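Each chain, written out:
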Amino acid sequence: VRSSGAMAALTLALFLLLMTQPMFRFPYYVKVANARRVGLLVAIAVVLVTTAILSPLRDSLIDMTLNKHETDSFVSRLAADAYSLDLFVLTRGIGVGMGSNRPSSLIPSLLSTVGAAGFVAFLMTFYQLMSNLRPSHSWLRWAGLGYFLSLVTSGPDYDAPWVWVLLAYVVYIGCTSGSPNKLRRL
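Summarised in this report is the structure supplied together with it. What you see is a predicted model; the values in this text were computed from it and never measured.

## Thoughts on the nonpolar core
Here comes step 1: Leu106, Leu110, Phe122, Phe126, Met130, Leu133 and Leu140 are the most contacted members of the largest nonpolar core, which totals 17 residues.
Here comes step 2: Element by element, the count of residues in this core is highest for helix α8 (residues 161-176), at five residues.
Here comes step 3: Those residues in contact with phenylalanine 122 that lie beyond four places of it in its chain are Leu106, Leu110, Phe148, Tyr158, Val163 and Trp164.

## What about the packing of helix α7 (residues 138-154) against α8?
Here comes step 1: Where α7 meets α8, the closest approach of the two axes is 11 Å, and the angle between their N-to-C directions is 160°. In terms of axis orientation, α7 runs roughly antiparallel to α8. As α7 runs across α8, the sense of the crossing is left-handed. Judged by residue contacts, Trp139, Leu140, Gly144, Tyr147 and Leu151 of α7 engage Trp162, Val163, Leu166, Tyr169, Val170 and Ile173 from α8.

## With respect to the packing of aromatic side chains
Here comes step 1: Across all of its chains, the model carries four aromatic pairs by this definition.
Here comes step 2: A ring pair is formed by phenylalanine 126 and phenylalanine 148, whose centres lie 5.3 Å apart and whose planes are at 35°; its orientation type is tilted. Of this pair, phenylalanine 126 sits in helix α6 (residues 115-131) while phenylalanine 148 sits in helix α7, placing them 22 residues apart in sequence. Phenylalanine 148 shares its class with phenylalanine 126; the two are buried.
Here comes step 3: What links up through ring pairs into an aromatic cluster is the set Phe122, Phe126, Phe148 and Trp164.

## Some details on unusual backbone geometry
Among all residues save glycine, negative phi is the norm, and among peptide bonds the norm is trans.
Here comes step 1: If you check the backbone angles, arginine 92 has positive phi at about 55° while not being a glycine.
Here comes step 2: Inspection of the secondary structure assignment puts arginine 92 in the loop between α4 (73-90) and α5 (106-113).
Here comes step 3: Classification of arginine 92 as exposed rests on a relative accessible area of 77%.

## Comments concerning the side chain of aspartate 81
Here comes step 1: Following the sequence through the fold, aspartate 81 ends up in helix α4.
Here comes step 2: A polar side-chain atom of aspartate 81 sits 3.4 Å from a polar atom in the side chain of serine 105.
Here comes step 3: When neighbours within four sequence positions are excluded, aspartate 81 is seen to be in contact with Pro103, Ser104, Ser105 and Pro108.

Reading guide: rules and limits
- Residues numbered from 1 in each chain as written.
- Predicted model: local features only at pLDDT ≥ 70, side-chain atom pairs only at ≥ 80, totals over all residues.
- Heavy atoms only, no water.
- Core = buried A, V, L, I, M, F, W, Y, C linked by side-chain atoms within 4.5 Å.
- Buried < 20%, exposed > 50% of the residue type's maximum accessible area, 1.4 Å probe, protein only.
- Helix = DSSP H or I, 4+ residues; strand = E, 2+ residues; numbered from the N terminus.
- Contact = heavy atoms within 4.5 Å.
- Axes fitted to C-alpha atoms, helices over the stretch in contact; angles between N-to-C directions.
- Parallel < 35°, antiparallel > 145°, perpendicular 65-115°, else oblique.
- Left-handed = near helix turned anticlockwise from the far one by under 90°.
- Phe/Tyr/Trp six-rings, centres within 6.5 Å; stacked < 30°, edge-to-face > 60°.
- Polar contact = N/O pair within 3.5 Å; in protein donor to acceptor, adjacent residues only side chain to side chain.

Shown next as structure tokens:
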């Protein structure tokens, strides 16, 4: 959590997790089980934030996230992303090829290297594999969403092994959660 991108991804994932647990149903009904879950999640978040604020980790978090204006890191990352989007426009959506450009986040990286077709193919593949998971494996769907948000905010490496390990594990779980002979047929 020592980066702005990870903090943004964690915050957004927590917000989305809270949004999947509606507490109220029209007109005057309160779902008690969902209210307990939301209360537990909020309590855990408050404990974690309080622990981070009161611990020696606080100074490190402040230096790595809020004091970035003292360095040129933000400007350099923004310039790399702007250059990537400029490459996307200059190549008319085709891209310059894998490994030819390295911006600071996933979307400009995909657009500038593999173009619009590769961008759409990557997003569709990632979404389809995650949406095919059974409800009993929702933890893996949330892990995939968190990792994707982390990549979007601060990780340009779509060719990093962890992306493909995650997707391979999702495929493996999907194959083994059905019949035992399903994996052998593949």
